[in-house]
Amino acid sequence: MLEQTESKSDAMLRRRFRCIVSFAVLLFLTGVLFIWNVNSGSVELSVSEIIGILFRGTGDETAYNIIWQIRLPRILSVIILGGALSVSGFLLQTFFGNPIAGPFVLGISSGSKLVVALTMVYFLSVSKTMTSGMMIIAAFIGSMISMGFVLLVSHKVKRMSMLVICGVMIGYICNAITDFVVTFADDSNIVNLHNWSLGSFSGMTWSNVAVMAVVVGVTVLITFFLSKPIAAYQLGEVYAQNLGVNIRLFRVALILLSSILSACVTAFAGPISFVGIAVPHLVKSLLNTAKPILVIPACFLGGAVFCMFCDLIARTVFSPTELSISSVTAVFGAPVVIYIMVRRKSE
C-alpha cells in the first residue's frame with residue numbers, strides 16, 4: 001500500500017514537472033519568435049536596437065515607425081488570432097469528441113469568409129468602409145450558418161469521417177461562391193479581397209489589435225472558467241449530467257464560444273487552415289494530459305507560437321513576395337492531421 005502511494009506521488013510529480021517544462025518551453029518559444037519576427041523584414045535591426053526602440057524610444061525614426069506602426073501590430077495580431085484559432089479548435093474537438101474537428105475542416109471558416117466577403121463588397125460598392133465590429137458580426141453570422149449545417153448533418157450522420165467530408169463540401173461551396181464574389185467585384189477592390197480571402201496578417205493596425213484583444217480576451221477567459229464542466233463533458237454526457245452540468249446549455253456555450261473565436265480570426269485575417277486541428281493535438285501530446293485547465297492556456301500559447309513561425313516563413317522565404325498564411329500552415333499542419341487519422345485507424 002505504501003509502495004502504491006509512493007508510485008502515485010512520483011507520477012504526480014512527473015506530470016507536474018512535465019507541465020511546468022512544457023509551459024516554460026512555450027513561453028520561451030513565444031519570446032524568441034516575437035524578437036525574430038520584429039527583426040525580420042526588409043529593414044534588419046539588431047536586438048539592442050529593437051530593445052531601444054521598444055523600451056526607450058530611441059533609434060532611427062524610420063526604424064521606429066516600421067516597428068511600432070507595421071511590425072508590432074502584425075505580430076500581436078498573429079499572437080492573438082493564432083491563440084484564438086487554436087482554442088476554437090479545442091472547443092470543437094470537445095463538442096464533437098474527435099481530434100480532427102476544426103473550424104477550417106468543418107467549413108465554419110469558409111462560411112465566415114463568404115458572409116464577410118459579401119458584406120465587404122456591398123460596403124465597398126456604396127463607398128463605405130466596414131468597422132472591425134461589423135466584420136466580426138458578419139463573420140459570426142457566417143460561422144453560425146455553417147455550424148447550423150454541420151449540426152444538421154451530425155444528427156443524420158454518426159460517423160465522424162462522413163461529418164468531416166460534409167464539412168469539407170460545405171467549405172468548397174462557400175469558397176466557390178466567395179470566388180465568384182471576388183471575381184465580379186470592382187477592379188480596385190479585387191486585390192484586397194483576394195489577399196484577404198487567401199489568409200493574411202498584413203495591414204493590421206493598432207485599432208484592429210485593440211478590438212481583437214477585447215473580443216478574444218473575454219471569450220478565452222469565459223472558456224477558461226468553463227474548464228471544470230469541459231473536463232466533465234470529456235468523460236461523457238451522463239457523467240457531466242450527474243455532476244450537475246446542463247448539457248443543452250453547455251453545448252450551446254461551446255458552439256457560441258468557438259464560433260466567436262473563429263469568426264474573429266476570419267474577420268481580420270481571412271481563413272487559416274489546420275491550426276485549429278493540429279495545435280490542440282500537439283499541445284495535449286506535449287502536456288500528456290487533456291485537462292482543460294491546462295490545455296486551454298497551452299493551446300493559446302501553442303497557437304501563437306505556431307502562427308508566428310508560419311507567418312515568419314510566409315513573410316521572409318520569398319521576400320518581397322508574401323505567401324498566404326494558409327499555404328504555410330497547411331504544409332506544417334496537414335501532416336499532423338494525417339498522423340491523427342492514421343493512428344485512430346490503427347487503434
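Refer to the structure above for everything that follows.
Draft legend 1. Molecular detail of helix α4 (residues 108–125). With 18 residues, α4 should cover 26 Å at 1.5 Å per step; its first-to-last C-alpha distance of 26 Å lies within 8% of that length. With 13 of 18 residues buried, α4 lies mostly within the body of the structure. Note on α4: the residue one or two positions beyond its end, Ser-127, has a positive phi of about 60°.

Draft legend 2. Molecular detail of the packing of helix α3 (residues 61–96) against helix α8 (residues 206–225). Where α3 meets α8, the closest approach of the two axes is 10 Å, and the angle between their N-to-C directions is 25°. Comparing the axis directions of α3 and α8 gives the class roughly parallel. Where α3 crosses over α8, the two elements pack in a sense that is left-handed. Note on element contacts: α8 touches α3 through Trp-206, Val-209, Met-212, Ala-213, Val-216 and Thr-223, opposite Trp-68, Gln-69, Leu-72, Pro-73, Leu-76, Ser-77, Ile-80, Leu-81, Ala-84, Val-87 and Leu-91. Within the contact of α3 with α8, the residues separate by chemical class into 14 nonpolar, three polar and no charged.

Draft legend 3. Structural detail: the pattern of salt bridges. Scanning the entire structure with this criterion turns up four salt bridges. Notably, a salt bridge pairs Arg-74 with Asp-311, separated by 2.7 Å at the nearest N-O pair. Placement of the pair is Arg-74 in helix α3 and Asp-311 in helix α13 (residues 292–316), with a sequence separation of 237 residues. The pair formed by Arg-74 and Asp-311 is uniform in burial state, with each residue classed as buried. We note a salt bridge from Arg-74 to Glu-322, for which the minimum N-O separation is 2.7 Å. Of this pair, Arg-74 sits in helix α3 while Glu-322 sits in the loop between α13 and α14 (325–346), and the two are 248 residues apart along the sequence. Classification of Arg-74 as buried rests on a relative accessible area of 10%. According to the relative accessible area criterion, Glu-322 is partly exposed, its value standing at 33%. Within this structure, Arg-74, Asp-311, Arg-315 and Glu-322 form a network of salt bridges that share partners.

Draft legend 4. Quick look at the packing of aromatic side chains. Enumeration over the complete set of coordinates arrives at four aromatic pairs. Ring plane angle 50° and centroid distance 5.1 Å describe the contact between Tyr-233 and Phe-250, whose orientation is recorded as tilted. Of this pair, Tyr-233 sits in helix α9 (residues 227–234) while Phe-250 sits in helix α11 (residues 247–269), and the two are 17 residues apart along the sequence. For Tyr-233, a relative accessible area of 8% puts it in the buried group. For the pair Phe-309 and Phe-332, a centre-to-centre distance of 5.3 Å together with 70° between the ring planes defines the contact as edge-to-face. With Phe-309 in helix α13 and Phe-332 in helix α14, this residue pair connects regions lying 23 residues apart in the sequence. Judged by its relative accessible area of 35%, Phe-332 is partly exposed. Between the NZ or CZ atom of Arg-251 and the centre of the ring of Phe-95, over which it lies, the distance is 4.3 Å.

Cut-offs and rules
Residues numbered from 1 in each chain as written. Predicted model: local features only at pLDDT ≥ 70, side-chain atom pairs only at ≥ 80, totals over all residues. Heavy atoms only, no water. Helix = DSSP H or I, 4+ residues; strand = E, 2+ residues; numbered from the N terminus. Expected span 1.5 Å × (residues − 1). Buried < 20%, exposed > 50% of the residue type's maximum accessible area, 1.4 Å probe, protein only. Axes fitted to C-alpha atoms, helices over the stretch in contact; angles between N-to-C directions. Parallel < 35°, antiparallel > 145°, perpendicular 65-115°, else oblique. Left-handed = near helix turned anticlockwise from the far one by under 90°. Contact = heavy atoms within 4.5 Å. Nonpolar A, V, L, I, M, F, W, Y, C, P; charged D, E, K, R; others polar. Salt bridge = Lys/Arg side-chain N within 4 Å of Asp/Glu carboxyl O. Phe/Tyr/Trp six-rings, centres within 6.5 Å; stacked < 30°, edge-to-face > 60°. Lys NZ or Arg CZ within 6 Å of the ring centre and 35° of its normal.

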